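Below are the chains, spelled out letter by letter.
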Amino acid sequence: MQRFTGTRVTRVEDPRILTGGGNYIDDRNPPGLGHAAFVRSPFAHARVHSIDTTAARAHPGVIAVFTGAELGPHIAPIVTQGPPGMSCPRFTCLATDKVRMVGDPVALVIAESRAVAEDACELVEVEYEELAGIGSIERALAPDGPRIWDDLDSNVLYEEAATYGDPDAAFAAAAHTINETFVQHRITNCPMETRGVIATYEPGRNHFTYMGTLQGTQMARFVISTALSLPATNVDVVLGDVGGSFGQKSSIGHEELAVCGAAKALAGRPIKWIEDRTENLSVGGQAREETVTAQVAFDADGRIRGLRLDMVLAGGAYPIASAPITTLVGTLARVLVPGAYDIADYSFRHRAVFTNKAPYVAYRGPWAIETWVRERVLDRIARELGLDPVEVRRRNLLAADAFPCKLPAGPTLAGITLRAALDKAERVADWAGFRAEQASERARRAVAQPGQPGQPGRVLGLGVVSFIEPAPGPPDYGPSIGFTLPPERATARLEVDGTLSVYTSQAPHGQGHETTLAQLAADELGVSMSAVRVIHSDSRTAPFSMMGTGGSRSATVASGSVIGVARAVRDQVAEIVAHMLEANPTDIEVVDGVARVKGSPDKAMPLAQVAMTAWLAPQYLPPGRNPGIEATFDFRAGDGGWTQSVHSCFVEVDPETGVVKVLRYVVVEDCGDVINPAIVEGQIRGGIAQGIGEVLYEHSAYDDDGTFKAGTFMDYLIPSSMEIPSIEIHHVDATVVTQEVNFRGVGEGGAIGAPAAVCSAVEDALSPWNAKVVEQYLPPSRVLELMGVIPVER
Amino acid sequence: MLSCADDNCKRLRRRGVRELSCRAQLRRACKAAAMKPPPFAYDAPETIDEALGLLDEHGDEAKVLAGGQSLIPLLSMRLARPARLVDIARIAELGQIFLNGSTRIGATVRQCAVERSAELRTANPLLGKAIPFIGHGPIRNRGTIGGSVAHADPAAELPAVMLLLEAEMVLRSASGGERTVPAAEFFEGFLTTAAQPQELLVELRLPAWLPGTGAGFQEIARRHGDFAIVGAGAVVQLDPGTGLVTDSRLAFTGVAGTPVRATEAERMLVGHEPTIAAIAEMAAVARAGLEPSGDVHASAAYRRHIAGVLTERVVKEAVDAAR
């Protein structure tokens, strides 16, 4: 029979989504719906002296207006949690005494329509007293500068430091050192569907229903129930289709909680809020703003001896509600920075600071700063020593026979194939051919005279980077980052018609789990994919998990749990059929939805008949067996767990305009076995598109005082299909870790590798100008500044 | 409430529009949710006279809606708040094109209609070269020639094209009848034109394209289809016998509050052979005459530099086309 796993099955989700049948927040309009809109701060930092809502309340069609003080009785202050030593300010979901970012919500209007709610928002008068704002890390750390939280004695919200091996000895012994500060700029996730919620409180049964757009259901239950002082079991979280997240929806924001408070106050009436695009770009959550000062000690052969890394993360004004992401990013970068390179002696200091900007949230590969800085450093070493950048990487990679071994911070490295990936990339990307072309173009440029007609020689560059990502990482990865997760559970029921319902704790928001998990379950049970339905994103039915979908885990853990649970169902089928057909359970196979005795094709029974018997005619079941066929399986991932990639990025720079064009992009990837190549490639391409966008187009720009400057898609540029080249994807042929569930995640790697590869390629193209790329954002004006064509203006 | 004393901002606030470089306007944009337009009255007249009557009655309370490619987003983001929209899309006589030596284009002719007309592209090669730079195909399907000119965004293509062509804008009002305004006097400031609130732009008159004349138009944008950081257009006429330049025009988008003609630089080429060196000198003068400002997309220095680069490119393109 047809095997689905490993094939390009078309997505189960697509017919409904592509024909407008999706079920997103704004598709739902339950009866009696009230529409929410927020009044927001135009200032980055200001005291709020008064809020006058009289005119707004009197506006026809307005149901209610809430200030922070008025919402207070209905919803508790937001409680953030983090590791010991983290400053956790208490704050309300509508600002009261002070606003701390442009777009900080100060009042909430509920009206009969969204248009009326927006009209009434304009009638709310807020008296502000502007304060000095903090739009940069330097200002946040200035000893006598403004404080964002009056009750904290500094703007530093968290600090940690660790040393591995003996970096001091490594620096003392090394032939060369470099010292450089690398700056990654702020960007935002830009999901196609913005944030949103429909919140309903039913006073009769003291029950709350949250229909939202999130990456999981259970964590939200606890956040909401704590805020509303309801038992967690009285809160249902039900997600529909979720139109992307990229990390932004991994926690509930101020606005959703404020809407919950309003819904509780307006008992019985569902309240909807859908974020507009300016709101999403300004306060929906932003990421990646980190600065790393790197001291590097290396030998004459290009091998790194030691690193001293000092990172500061600009965390925005408010910690997000449910996960300490501003501290976790530092932890992840500290643990992961060596990658598969032989870097044993290093120190890492991480500080997260408050700034007058949008909350810092997770973004696809939240720790990507470690790959970007490390790969920048490797390029710099190559340049200092006049070596080929790929050769420097080969010299620093751990030897093929070094595995298994441990990263200095703890996790086990096993199944690392980066050397094979580099060898394959060298062939398929044809670096040598490109280098020859680059040399000839440079030679033509060198002899061209200004004013002479004809092509003056193209400015070409190549960047090659290699990295590994925990996807989901080995069993000792969780303990080493202080974030251990329980096994992943799936449950399943063979329904009375013989179809299989599989319940997962994943909350897909674009990953295609309804497809991939159905492929696996269908193969394991022996049915067609149309006989499998994957049920998710509903706290009433989902197996318990605080995580939902995130961290590139589902390819391994959701797959393992679904394979396990489908096998358990098949085993029960075999037990029942063996009893009814008087055969041995081990001789029963299920093929194309029919259970049969191996070698005796006439002794067979369709699964519908097995299921109907199990549910409706238990007298035919083995003695003592309960009716029905249901199963639960808990999956623990095995060793390995690293997805690995080599990215080769080829660019051309227009030396007159600074415009960078990505000519070609080649990925060589080891993510183990592939469930659905089309989905894997889509994930990789999407991540790379975001990574290219991050370097060449996207910037959540603020002034030094926190004034926000990128609130529309005319100011915040995301790449379109015209900017992204076709991306070639190759897989490493030899998989060295072989286990039953050998699928690994690919959700984040594209976005981790691409910024490093693009920056590397641009720096390579500009090497005749001796340009150093230490800032990740490279718009055309920055490129001309690096070339010395125009003066630097900030 | 917020206020900004800058004259341009005052003018913009009166028109309900923001200037991205102005802090007060930026803040206005972030002050509250904005996805639905504020309330407005709507009229869809079917004749020019009916439209003029409405504009006469409502004055600056009314705003003309043509293709809606700028106005509708401004409404939805609550950055424009006219009390009344006068939708001129149903007025058939505004949608006509007349070709008879000179070219007359009705105000509501869609940009795509010009783009797809080989006859028009031949009759006016500059228009044919510039229009594909306007946004994306779906935008040109809706956007009108007159709408873009009347909106007068300094980063837009068509205002600069009108300047280069020395076109005339035909304005009509109920009380004042018809008047024509040369392009050089039409664009007064950022999103501001010589048209009075009671006046409707009904037609654009483009002079006949003379023999031996070539056009060039190019832009540098962050992404395909974006408003350009800087755009440039050139028109060059050569004497067929001597090959010397008899007319030379150069204009920029995105470097000031209006599209800008580089008159000093233009003159340098007239009477001379358009050599690469001469064009480079012209570019240096053009660049030096500009005072652009910086924004999130590019610094002022970048814009000035690009104006020079584009000058060389479009003048060469125009010279090649003229030969």
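Please read all numbers here as calculations on a predicted model, not as lab measurements. In this numbering scheme, every chain counts its residues from 1 along its sequence in written order. Ligands are numbered from 1 and chains lettered from A, in the order in which they are written. Restriction of local features to residues with pLDDT of at least 70 applies here, the model being predicted, together with a cutoff of 80 or more for giving and counting side-chain atom pairs; totals for whole chains, interfaces and linings are based on all residues.

## Observations regarding the overall build of chain A
Helices and strands together make up the secondary structure of chain A, namely 21 helices and 30 strands. For 794 residues, the compact-globule estimate of 2.2 N^0.38 gives 28 Å, and chain A sits close to it at 28 Å. Comment: burial labels come from other C-beta atoms within 10 Å of the residue's own C-beta, placed from the backbone, where a count of 20 or more is buried, 12 or fewer is exposed, and between is partly exposed. Per-residue burial for chain A yields a buried fraction of 57% across its 794 residues. Taking the contacts inside chain A whose residues are at least 6 apart along the sequence as the reference set, 80% of them involve residues at least 24 apart. Note on conventions: DSSP H or I runs of at least 4 residues are helices, E runs of at least 2 residues are strands, and numbering of each starts at the N terminus. Throughout, radius of gyration means the C-alpha value; the globule benchmark is 2.2 Å times the number of residues raised to the power 0.38. Contacts here follow a simple rule: the backbone-placed C-beta atoms of the two residues must lie within 7 Å.

## Here's the deal with the overall build of chain B
A count of helical and extended segments in chain B gives 14 helices and 14 strands. Taking 323 residues into account, the globule formula puts the C-alpha radius of gyration at 20 Å, and chain B, at 20 Å, falls close to it. The principal-axis extent of the C-alpha atoms belonging to chain B is close to 60 × 45 × 35 Å. A buried classification covers 51% of the 323 residues belonging to chain B. Counting contacts in chain B only where the partners sit at least 6 residues apart, residues at least 24 apart contribute 64% of the total.

## Side note on the sheet that holds strand β3 (residues 62-67) of chain A
Residue and element names in this part refer to chain A. A strand pair is defined by DSSP finding two or more bridges across the two strands. Taken in spatial order, the 7 strands make up an open sheet running β3-β5-β1-β13-β10-β11-β12, and their pairing is mixed. Each edge of the open sheet is held by one strand with a lone partner, namely β3 and β12 (235-239). Along the sheet, successive strands turn relative to each other by an average axial angle of 20°, direction set aside. One ladder, built from 5 bridges, connects β3 with strand β5 (residues 105-111); its direction is antiparallel. To define axes, lines are fitted to C-alpha atoms, for helices over the stretch in contact only, and angles between the resulting N-to-C directions are given on a 0 to 180 degree scale.

## A look at the nonpolar core
All names here are of chain A. Defined on buried residues, the nonpolar core groups Ala, Val, Leu, Ile, Met, Phe, Trp, Tyr and Cys residues joined through C-beta atoms within 7 Å. By size, the foremost hydrophobic cluster in this structure holds 339 residues, and its most contacted members are Val 109 and Val 762. Broken down by element, the residue count for this core peaks at 13 residues, all from helix α17 (residues 554-581). Discounting chain neighbours no more than four positions away, the residues touching Val 762 are Gly 461, Val 651, Val 653, Val 660, Val 773, Leu 778 and Val 783.

## Some remarks on helix α7 (residues 218-228) of chain A
Residues and elements named next belong to chain A. Restricting attention to buried positions, one finds in α7 the residues Met 219, Ala 220, Arg 221, Val 223, Ile 224, Ala 227 and Leu 228. Buried residues belonging to α7 abut β11 (207-212), β12 and α8 (254-265). Phi turns positive, to about 55°, at Ser 229, one or two residues after α7.

## Some details on the sheet that holds strand β28 (residues 642-653) of chain A
Residues and elements named next belong to chain A. One open sheet accounts for 4 strands, arranged β20-β28-β29-β30; its pairing is mixed. Whereas interior strands pair on both sides, the edge strands pair on one side only; in this sheet they are β20 (459-470) and β30 (727-731). The average undirected angle you get between the axes of adjacent strands in this sheet is 15°.

## Overview of the interface of chain A and chain B
Across the contact, 44 residues belong to chain A and 35 residues belong to chain B. At the level of elements, β1 (34-40), α4 (114-121), α9 (277-283) and α21 (780-786) of chain A are the ones that each hand at least two residues to the side of chain A that touches chain B. The element that contributes the greatest number of residues to the side of chain A that touches chain B is α4(A), accounting for 5 residues. Looking at the side of chain A that touches chain B residue by residue, the class counts come to 22 nonpolar, 10 polar and 12 charged. Think of it as three bins: nonpolar holds Ala, Val, Leu, Ile, Met, Phe, Trp, Tyr, Cys and Pro, charged holds Asp, Glu, Lys and Arg, and polar takes everything else, Gly as well.

## Some words on the environment of Val459(A)
On the secondary structure map, Val459(A) appears in strand β20. Beyond its immediate stretch of four places on either side in the chain, Val459(A) contacts Glu652(A), Val653(A), Pro655(A) and Ala765(A).

## Quick word on the domain arrangement of chain A
All names here are of chain A. Each domain's limits were defined by an automated method or a database of domain assignments. Looking at the assigned domains, one finds that chain A contains domain 1 (137-188 + 285-369), domain 2 (397-469 + 640-786) and domain 3 (488-635). Domain 2 and domain 3 are separated by 41 Å when their C-alpha centres are compared. Taken together, the contacts link 13 residues of domain 2 with 14 residues of domain 3. Across the side of domain 2 that touches domain 3, the residue classes break down as 5 nonpolar, 5 polar and 3 charged.

## Thoughts on the packing of helix α13 (residues 276-288) of chain B against helix α14 (residues 300-322) of chain B
All names here are of chain B. Between α13 and α14, the shortest axis-to-axis distance is 8 Å and the interhelical angle comes to 145°. Both α13 and α14 take part in a crossing whose hand is right-handed. Along its contact with α13, which presents Ile 279, Ala 280, Met 282, Ala 283, Ala 284, Ala 286 and Arg 287, the element α14 presents Arg 304, Ala 307, Gly 308, Thr 311, Glu 312, Val 315 and Lys 316. Residue composition of the contact of α13 with α14, grouped by class: 8 nonpolar, 2 polar and 4 charged. Each crossing gets its handedness from the near helix: less than a right angle anticlockwise from the far helix is left-handed, clockwise is right-handed.

## Here's the deal with the packing of α7(A) against α8(A)
Residues and elements named next belong to chain A. Between α7 and α8, the least distance of the axes is 10 Å, while the angle of their chain directions is 50°. The angle between α7 and α8 falls in the class oblique. Relative to α8, the crossing made by α7 is right-handed. Where α7 approaches α8, its residues Ile 224, Ala 227 and Leu 228 are matched on the opposing element by Leu 257, Cys 260 and Lys 264. Considering only residue class, the contact of α7 with α8 consists of 5 nonpolar, no polar and 1 charged. Any angle that is under 35 degrees is reported as roughly parallel, and any over 145 degrees as roughly antiparallel; angles of 65 to 115 degrees are reported as roughly perpendicular and all others as oblique.

## Remarks on the confidence of the model for chain B
Residue and element names in this part refer to chain B. In the predicted model, chain B carries a mean pLDDT of 91, and 90% of its residues have values of at least 70. Per-residue confidence from the predictor is reported as pLDDT, which spans 0 to 100. For residues 1-23, every residue scores under 50 in pLDDT, and the model assigns this stretch 46 contacts once sequence neighbours within four places are set aside. For this predicted complex, the interface confidence reaches an ipTM of 0.93, while the overall pTM sits at 0.95.

## Observations regarding the pairing of strand β13 (residues 245-253) of chain B
Residues and elements named next belong to chain B. Most of β13 sits out of view: 7 of its 9 residues are buried. Note: strand β12 (residues 230-238) against β13, 8 bridges, orientation antiparallel. When the bridges of β13 are listed, Gly 231 appears paired with Thr 253. If you look at the hairpin formed by β12 and β13, you'll find 6 residues sitting between the two strands, and Gly 243 has a positive phi there, around 80°. Between β13 and strand β14 (residues 260-261), which pair antiparallel in sequence order, lie 6 residues; one of them, Gly 254, sits at a positive phi of approximately 80°.

## Topic: the environment of Ala44(A)
All names here are of chain A. Summarising the element assignment, Ala 44 is placed in the loop between β1 and β2 (46-52). In this structure Ala 44 comes out as buried when scored by C-beta crowding, with 30 C-beta atoms within 10 Å. In this structure the C-alpha to C-alpha distance between Ala 44 and Ser 530, which are 486 residues apart in sequence, comes to 53 Å. Leaving out residues up to four positions away in the same chain, Ala 44 has contacts with Met 101, Val 102, Gly 133, Gly 135, Asn 356, Asp 705, Gly 706 and Thr 707.

## Some points on the pairing of strand β21 (residues 488-494) of chain A
Residue and element names in this part refer to chain A. Within β21, 6 of the 7 residues are buried, which leaves the element mostly enclosed by the surrounding structure. In the sheet, β21 pairs with strand β22 (residues 500-504) via 5 bridges, with the strands oriented antiparallel. Its bridge partner lying in β22, Leu 494 is registered against Leu 500. Linking β21 to β22, which pair antiparallel, is a turn of 5 residues; within it Gly 498 sits at a positive phi near 90°.

## Observations concerning the environment of Thr188(A)
Residues and elements named next belong to chain A. Along the chain, the position of Thr 188 falls in strand β9 (residues 187-188). Among the residues examined, Thr 188 registers 25 C-beta atoms within 10 Å and is labelled buried. Sequence separation between Thr 188 and Thr 499 is 311 residues, and the spatial gap between their C-alpha atoms is 41 Å. Apart from residues lying up to four places away in sequence, Thr 188 is in contact with Leu 281, Gly 284, Gly 285, Gln 286, Ala 287, Ser 700 and Tyr 716.

## Examining unusual backbone geometry
All names here are of chain A. Pro 404 follows Phe 403 through a cis peptide bond whose omega is 0°. When you line up the elements, Pro 404 lands in the loop between α12 (389-396) and β18 (405-406). Residue Pro 472 is reached from Ala 471 by a cis peptide bond, and omega for that bond is 15°. Tracing the backbone shows Pro 472 in the loop between β20 and α15 (477-481). Of note in this structure, Ser 537 is not a glycine but carries a positive phi near 65°.

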